[in-house]
Amino acid sequence: MYKIKLTKGKTYLVTILSIGFIVVGIGCITWAMINIGAQPDYSAPYEYTTEVANIKLEPSPVPLAIDIEKNLYPVDPSAGDNIGSLTIPALNQELPIIQGTDADELKEGVGHFIQSVLPGEEDNCVLSGHRDTVFAKLGKLKIGEQLIVETSAGIYTYEIDAIRIVDKDDKTVIVPTDHAVLTLSTCYPFDFFGDAPDRYIITADLVINK
Amino acid sequence: MKKQSKMRVISLSLILFLLIIVVVPTKSTAAQQTVNLGTSSRFAVLAGSTITNTGTTTIDGTVGADIGLYPGTAFDGRTNVTISGGEIHMTDTNASKAKDDLLTAYNDAAGRPLDVTIAADLGGTTLSPGTYKSESSIQITGTLTLDAMGDPEAIFIFQAGSTLTTASYSTINLVNGAQFSRVFWQVGSSATLGTYSHFEGHILAMESITANTGAKIMGQLLAQNGAVTLDSNSISNGINIAIVTPTPMIIPTPIITPTPMVTPTPTVTPAVTPTVTPTPTITPTPTVTPTPILVIAAPTTAPGTVTGGQLPKTATPWYNVFLAGTVLTLVGGIMAWSNRKH
């Protein structure tokens, strides 16, 4: 008699546990899916359409031929400041650029790696973004496509000249360059579960500054 | 029945195992936290009583090349100090706040649980990341090698009960990703750096710090109560980016004399006596006119892009949460199914 009661109790406990797991599990899935899908609408119609069209008519000059000032920004932005926007015409995206690449800044948009120069300056400007939010479609970009950065210093158009995948600890990406380069980085593979082991790197040369 | 409970145990273990490896993949490798220097991180030199310089000393740094003094007021030989990327804070609120933050950092460093008790002289040894303590003094003669074993985040903390002394021409060699910005020297009394020695790390001394002729410092000289004495030095306070050379065969460095029985020493609780009474006799002397020899450049965060910067982490936890949710749902389903079957 006692044994039967105990068995019933155990069965009841297992039922409750399994239902609990399923509820929590489905909750986690829903929560994750909402967050993965809940990106701000970055595909706002950007105002550069005609401007970009005009720009494309011009032949791309040699990157080094552009006369760029070394220091375009009189005041250094602080971490968390919005320093401008990155427009990717091929993806119809306009993304805010935030100073800093910590979790708080990457939550707000594309992060500017503080130990790199600011956009438009002569050297390597590094921007990073989440692979599942702002840079989710970065894999669709091709060599030759344009990236337009607008900041307080002006509008800078870069042309993608290389796309590569490197290890997350690669130390050859964030390095100084002898001309103005824009480097975009995000985690790779794009839909990897867990900590992605690689980084997707796009480098672009400055072709037009206004 | 037995089979069922066995299955339940397996299911539960499976969930726990998967949750651990999926949700907290980085926690398992969580290393020691760095010592938070607060506002004192901007100071290449910070002293309590006086700062004295002889010869030409250069100070720079990407984090900040400030010089601070509080509550003392005497900075002798400042005309021969060239600062780039910093400024002088003489007995002002910035220096006062930095001193407070230094005390907090000092206590933090002093309170870290030690891993290994070290011999008095570290010259000729190679140490892996961790907290090292000497009840009395620490001496460096020759070369001390700090091996981060490929982890640029690795932290080295040295606790010296009394003094830290480096011999003339001694060197600290950082290898396998070790960074001077992650090396901390908590010194119970005073530190002395030998002539033409090469030093790496932040010195947090309770009393004074003396850098003898030609000593080169990558880091900071922070003295809580006493003086900082400089002589033809070069001080660079910044964040260096470690270049981890791919060493496929990292030989585990033998840790020196692991004495397991260490009597817990009462940490040096620095009783900061409230003698910081603002000395009213020091009326603002108008002689502190900006000396023309002093070069003070505007602080900049990035004069150029660094070489070998660490690529930022650009992953959100949502894919991990999704995976954990799937595993939980599956396990719950299996449990319900097996339960119903029985």
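Residues numbered from 1 in each chain as written. Chains lettered and ligands numbered in written order. Predicted model: local features only at pLDDT ≥ 70, side-chain atom pairs only at ≥ 80, totals over all residues.

1. Side note on the overall build of chain A
What chain A contains, in helices and strands, is three helices and eight strands. The 210 residues of chain A split such that 41% are buried. The contacts in chain A between residues at least 6 apart in sequence include a share of 62% that link residues at least 24 apart. (Helix = DSSP H or I, 4+ residues; strand = E, 2+ residues; numbered from the N terminus. Buried ≥ 20, exposed ≤ 12 C-beta atoms within 10 Å, placed from the backbone. Contact = placed C-beta atoms within 7 Å.)

2. What to know about the confidence of the model for chain A
When pLDDT drops low, the exact placement of atoms in the prediction is not to be read closely. Averaged over chain A, the pLDDT score is 81; the fraction of residues at 70 or greater is 80%. Across residues 44–67 of chain A, where pLDDT falls below 50, the model places 22 contacts with residues more than four positions away in sequence or in other chains. (pLDDT = per-residue confidence, 0-100.)

3. Describing unusual backbone geometry
Cis geometry marks the peptide bond from Y188(A) to P189(A), where omega comes out at 0°. Tracing the backbone shows P189(A) in the loop between β7 (181–188) and β8 (198–209). That bond from Y70(B) to P71(B) is cis: its omega, 0°, falls within 30 degrees of zero. Take P71(B): it is sitting in the loop between β4 (66–69) and β5 (74–76). Backbone geometry places D123(A), a non-glycine residue, at a positive phi of 145°. Note on placement: D123(A) falls in the loop between β3 (110–112) and β4 (124–128). For D123(A), a count of 21 C-beta atoms within 10 Å translates into the label buried. The phi angle at M149(B) is positive, at roughly 55°, despite the residue not being glycine. On the secondary structure map, M149(B) appears in the loop between β12 (143–147) and β13 (156–160). Assessed through the 17 C-beta atoms surrounding it within 10 Å, M149(B) is described here as partly exposed.

4. Section: helix α2 (residues 93–111) of chain B
For α2(B), which comprises 19 residues, the first-to-last C-alpha distance of 27 Å matches the rise-based estimate of 27 Å (1.5 Å per residue) to within 8%. When we look at burial in α2(B), the residues that qualify are A95(B), A98(B), K99(B), D101(B), L102(B), A105(B), Y106(B), A109(B) and A110(B). (Expected span 1.5 Å × (residues − 1).)

5. Comments concerning the confidence of the model for chain B
Residue and element names in this part refer to chain B. Model confidence for chain B is summarised by a mean pLDDT of 77, while 72% of its residues fall at 70 or above. Every residue in residues 21–30 is under pLDDT 50, and counting partners more than four places away or in other chains gives nine contacts. The low-confidence segment residues 242–302 (pLDDT under 50) makes 69 contacts with residues lying over four places distant or belonging to another chain. Here the prediction assigns the complex a pTM of 0.43, and the interface score ipTM is 0.75.

6. Digging into the environment of T82(B)
All names here are of chain B. Considering the arrangement of structural elements, one finds T82 in strand β6 (residues 81–84). For T82, a count of 17 C-beta atoms within 10 Å gives the class partly exposed. Distance in space between the C-alpha atoms of T82 and T56 is 7.6 Å, their sequence separation being 26 residues.

7. Thoughts on the interface of chain B and chain A
On the chain A side, the residues contacting the 38 residues of chain B number 55 residues. Sorting the residues of the side of chain B that touches chain A by element identifies α1 (2–23) and α3 (318–341) of chain B as the ones contributing at least two each. The biggest single contributor to the side of chain B that touches chain A is α3(B), with 17 residues. Per-class residue counts for the side of chain B that touches chain A are 20 nonpolar, 17 polar and one charged. (Nonpolar A, V, L, I, M, F, W, Y, C, P; charged D, E, K, R; others polar.)

8. Here's the deal with the sheet that holds β3(A)
Residues and elements named next belong to chain A. On the basis of which strands lie adjacent, the closed barrel formed by eight strands has the order β1-β2-β3-β4-β7-β8-β6-β5 and mixed pairing. Here the average twist between neighbouring strands, direction ignored, is 30°. In the sheet, strand β1 (residues 82–88) pairs with strand β5 (residues 146–151) via four bridges, with the strands oriented antiparallel. Its bridge partner lying in β5, S85 is registered against E150. (Pairing = 2+ DSSP bridges. Axes fitted to C-alpha atoms, helices over the stretch in contact; angles between N-to-C directions.)

9. Re the pairing of strand β16 (residues 183–187) of chain B
Residues and elements named next belong to chain B. In terms of residue burial, β16 counts as a mostly covered element, since five of its five residues are buried. With four bridges joining them, β16 and strand β18 (residues 198–205) adopt parallel strand pairing. Counted as the bridge partner of Q186 is L204 from β18.

10. Notes on the pairing of strand β3 (residues 57–60) of chain B
Residues and elements named next belong to chain B. Across the two faces of β3 the burial differs, with T57 and I59 buried and T58 and D60 not buried at all. As judged from the four bridges shared by β3 and β6, these two strands associate in the parallel manner. Within β6, the position partnered with D60 by the bridge is S84. Sheet topology note: the β3/strand β22 (residues 234–236) ladder contains three bridges and is parallel. When the sheet's bridge partners are listed, D60 is paired in β22 with S236.

11. Quick look at the nonpolar core
Ranked by internal contacts, the top residues of the largest apolar core, which has 67 residues, are V45(B), I203(B), L204(B) and L221(B). Sequence-distant contacts of L221(B), that is, excluding residues within four places in its chain, are made with V45(B), I203(B), I209(B), A211(B), V228(B) and I235(B). With 42 residues, the next largest nonpolar core counts V110(A), C125(A), F135(A) and V149(A) among its residues. (Core = buried A, V, L, I, M, F, W, Y, C linked by C-beta atoms within 7 Å.)

12. Observations regarding the sheet that holds strand β17 (residues 191–193) of chain B
Whether parallel or antiparallel, the strands of a sheet pair through hydrogen bonds between backbone atoms. All names here are of chain B. Spatial strand order, β5-β2-β21-β19-β17-β14-β11: seven strands in an open sheet with parallel pairing. The open sheet has two free edges, formed respectively by β5 and β11 (138–140), since each of these has just one partner strand. On average, each strand axis in the sheet is inclined to that of its neighbour by 5°, with strand direction left out of account. In terms of strand pairing, β11 meets strand β14 (residues 164–166) through three bridges, oriented parallel.

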